[in-house]
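Observations on chain architecture
If you want the building blocks of each chain, they are given just below.
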Amino acid sequence: MSDGHEADRVKLPGEALGVDVDSVVVLDFGSQYSQLIARRVRELNVYSELLPFDTRWSEIAARKPAAVILSGGPNSVYEEGSPHPDPAIWTGGIPVLGICYGLHLMAQGLGGEVASFERKEFGPAVVTVIEQTGLFASLDPEQAVWMSHGDSIERLPDGFRPTARTDSTPYAAVADPDRRLYGIQFHPEVVHTKHGRDILRNFVVEIAGARQNWTPAHFVTANVEEIRRRVDAHSKATGTDGKVLCALSGGVDSAVAATLVHRAVGDRLICVHVDHGMMRKNETELLAKAFDQLGVRVIIVNARERFLRKLEGVIDPEQKRRIIGNEFIRVFEEEAAKLGEIAFLTQGTLYPDVIESATSDKEKSASKIKTHHNVGGLPDDMAFQLIEPLRYLFKDEVRAVGTELGLPDSMVQRQPFPGPGLAIRIIGEITEERLDTLREADWIVLDEIKAAGLYNEVWQSFAILTPIRSVGVMGDGRTYGNLVAVRAVTSEDAMTADWAKLPYEILARISSRIVNEVPGVNRVVYDISSKPPATIEWE
């Protein structure tokens, strides 16, 4: 493939991102909080990257990280087949912080002992700080923390000393400052650990000395330069005019990506919005108006019938995603052919998309949850080179970059909307009639959420059309109508989410309006599942 795909060699953060930044590598041992650790480090304005637990030390060292953090995990280090890092990590000379399971790995790997303790700790706890230095410098002598472990250190390795304890865990935190090795039994990345951010800052900034220059302004400046350099180099080498195509869905991600690339290449950017018939109500019209005001060229392609034909009879959600991802690229290729030679395609791919799709060796520690249409759904024979300036960002970082670029809050703060659109919010077969039903129900959900002033308080709010029909009564007559589910969640990055505790009166208005205003619907239910075990979308 072309250079739009990841090269085989290791890329340093500056190469991959176009930004001269220090970085922290987080090794993922399967904790539900692994992505959260990376996010917390980035909140310190230090770039972080999540890598599989068994990444070779040579690959880690090639990235020249300021520090390495080992995540927690569900295993016990003494179990056969439990995940372990490259042992060279302990002697690499780079500061290492082990969290929970990561602490146990450090202790065992350096000659200590880890065992199952009778007094296990799950939930809130209080640690007493023994040494107010290192991780606990300038912090209170007692700390409210979040514990989640059944194993504990029984004997410390040589060179280590305890720096914090609880009533049941004498080694709640340990340190070997000479080798810059640190470990904590609790989880500093979760909000329940009161001073968790300060502890991570002490490690990343004070101990490891990482520069805090991972900022939206720095990112924008460096990436504009990098995109311009890449496009100009290709244009010069091929004798073409360096046009760039952008897949513009109308969501926050593609809007920010398009604006960033437009700043780099100007009028050479041509945005293509494919109306696949699965957009929200008035979505295409609103998008066209917004980008016209920004001075960005947008071509609207009406491909509704084409996508519906491809999706006819398809009920498997993964197949839906693959079909839509493949068809998107085919449409873009056809539009590009009309515009002359175009080598580049811009997409709003985000880091959680990459992690969840787990499509490459780089992300192999993450189990594949679902294929995102712009990651795993792309055809192998795609002709474009990809420009994905947001590929290493979390959603909150994308919003910050959008604000830095001058985009209005009405665009930057929009709730996420999946690329496959309403296709994955219709459970079962997709038809024009079912799309119309869902579109109207979804509009009501958003309308009521906005009217209540809660739009920016929830991560996503939407309707789902289920394949379930139920008996009802309307006007003293029997009905046999559709069941619509309503979903609203709170989240920081979509990696985990909790169902939104919407006031009953809002739910009542949503339900009343849907059954009265949307033909064929006679029942509304509210989804109170968190992620995990569920996902935000139903498909």
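Residues numbered from 1 in each chain as written. Predicted model: local features only at pLDDT ≥ 70, side-chain atom pairs only at ≥ 80, totals over all residues. Heavy atoms only, no water.

**Side note on the overall build of the protein**
The helix and strand inventory of the protein stands at 15 helices and 18 strands. In terms of overall dimensions, the protein has a C-alpha envelope of 70 × 70 × 40 Å along the principal axes. Counting only residues that meet the buried cut, the protein has 58% of its 539 residues in that class. For the protein, contacts bridging at least 24 residues in sequence account for 74% of all contacts bridging at least 6. (Helix = DSSP H or I, 4+ residues; strand = E, 2+ residues; numbered from the N terminus. Buried < 20%, exposed > 50% of the residue type's maximum accessible area, 1.4 Å probe, protein only. Contact = heavy atoms within 4.5 Å.)

**Re the packing of aromatic side chains**
To describe a pair of aromatic rings, you give the distance between the ring centres and the angle between the ring planes. Applying the stated criterion across every chain yields a total of 9 aromatic pairs. Ring geometry for Tyr-182 and Phe-203: centres 6.3 Å apart, planes at 70 degrees, overall edge-to-face. Note that Tyr-182 is positioned in strand E9 (residues 181–184) and Phe-203 in helix H5 (residues 196–207), a separation of 21 residues in sequence. Each member of the pair Tyr-182 and Phe-203 is classed as buried. One aromatic cluster in this structure is built from Phe-29, Phe-53 and Tyr-101. (Phe/Tyr/Trp six-rings, centres within 6.5 Å; stacked < 30°, edge-to-face > 60°.)

**Some words on the pairing of strand E15 (residues 460–474)**
Two faces, one strand: in a regular strand the side chains alternate between the faces of the sheet. The sheet contact formed by E15 and strand E16 (residues 477–490) spans 12 bridges and is antiparallel. Note that in E16 the partner of Ile-464 across the bridge is Ala-485. In textbook terms, the turn of a hairpin is the stretch between consecutive antiparallel strands, and for E15 and E16 this stretch comprises 2 residues, one of which, Gly-475, has a positive phi near 60 degrees. (Pairing = 2+ DSSP bridges.)

**Some points on the pattern of salt bridges**
Note that side chains of opposite charge can pair when their charged atoms are close. Scanning the model with the defined rule gives 34 salt bridges in all. Of the charged contacts, one joins Lys-395 and Asp-253 as a salt bridge, the two residues approaching to 2.7 Å between their closest N and O atoms. One end of the pair, Lys-395, is in helix H12 (residues 395–404); the other, Asp-253, is in helix H7 (residues 252–265), and 142 residues separate them in sequence. Across this residue pair, the class does not change: Lys-395 and Asp-253 are buried. (Salt bridge = Lys/Arg side-chain N within 4 Å of Asp/Glu carboxyl O.)

**Notes on the packing of helix H6 (residues 216–238) against H12**
Put simply, H6 and H12 touch, their axes get as near as 9 Å, and they point 70 degrees apart. The angle between the axes of H6 and H12 places the two elements in the roughly perpendicular class. Residues Pro-216, Ala-217, Phe-219 and Val-220 of H6 pack against Ala-400, Val-401 and Glu-404 of H12. Across the contact of H6 with H12, the residue classes tally to 6 nonpolar, no polar and 1 charged. (Axes fitted to C-alpha atoms, helices over the stretch in contact; angles between N-to-C directions. Parallel < 35°, antiparallel > 145°, perpendicular 65-115°, else oblique. Nonpolar A, V, L, I, M, F, W, Y, C, P; charged D, E, K, R; others polar.)

**Structural notes on the pairing of strand E2 (residues 47–52)**
Among the 6 residues that make up E2, 6 are buried, leaving the element largely enclosed by the rest of the structure. Across 6 bridges, strand E1 (residues 23–28) lies against E2 in parallel orientation. If you follow Leu-27 over to E2, its bridge partner there is Leu-51. Tracing the backbone out of E1, into helix H2 (residues 34–42) and back to the parallel element E2 gives a crossover that is right-handed. (Right-handed = clockwise from strand over helix to strand, strands pointing away.)

**A short note on the sheet that holds strand E11 (residues 269–275)**
Here we have 5 strands laid out as an open sheet, ordered E12-E11-E10-E13-E14, and parallel in their pairing. This sheet does not close on itself; its edge strands, each paired only once, are strand E12 (298–302) and strand E14 (385–387). Adjacent strand axes in the sheet meet at a mean angle of 30 degrees, parallel and antiparallel pairs treated alike. Packing of helix H8 (residues 283–293) onto the sheet brings it into contact with E11 and E12, and relative to E12 it is tilted by some 165 degrees.

**Details of the nonpolar core**
Judged by nonpolar contacts, the single largest core of 53 residues is most densely connected at Leu-245, Val-274, Met-278, Phe-332, Leu-345, Ile-430 and Ile-514. The residues touching Phe-332, leaving out its near neighbours within four places in the chain, are Leu-245, Cys-246, Ala-247, Val-272, Val-274, Leu-345 and Phe-384. (Core = buried A, V, L, I, M, F, W, Y, C linked by side-chain atoms within 4.5 Å.)

**What to know about unusual backbone geometry**
In this structure, the amide linkage connecting Lys-531 to the following residue, Pro-532, adopts the cis form with an omega of -10 degrees. Along the chain, Pro-532 connects to Pro-533 via a cis peptide bond; the corresponding omega equals 10 degrees. In this structure, Pro-533 sits in the segment after strand E18 (521–526). Residue Asn-45 is not a glycine yet carries a positive backbone phi of 65 degrees. For Asn-45, the location among the structural elements is in the loop between H2 and E2.

**Concerning the side chain of Arg-487**
On the secondary structure map, Arg-487 appears in strand E16. Only 3.1 Å separates the side chain of Arg-487 from the backbone oxygen of Ile-536, close enough to count as a polar contact. With residues up to four places along the chain from it excluded, the contact list for Arg-487 reads Gln-460, Ser-461, Phe-462, Ile-464, Trp-499, Tyr-526, Asp-527, Ser-529, Ala-534, Thr-535, Ile-536 and Trp-538. (Polar contact = N/O pair within 3.5 Å; in protein donor to acceptor, adjacent residues only side chain to side chain.)

**Thoughts on the confidence of the model for the protein**
The predicted model of the protein has a mean per-residue pLDDT of 87, with 90% of residues at 70 or higher. Per-element mean pLDDT across the protein ranges from 51 in helix H1 (residues 13–17) up to 98 in strand E3 (residues 67–70). Taken together, the stretch residues 1–12 has pLDDT below 50 and engages in 22 contacts with residues farther than four places along the chain or on a different chain. Segment residues 358–377: pLDDT under 50, and 64 contacts once partners within four positions in sequence are set aside and those in other chains are kept. (pLDDT = per-residue confidence, 0-100.)

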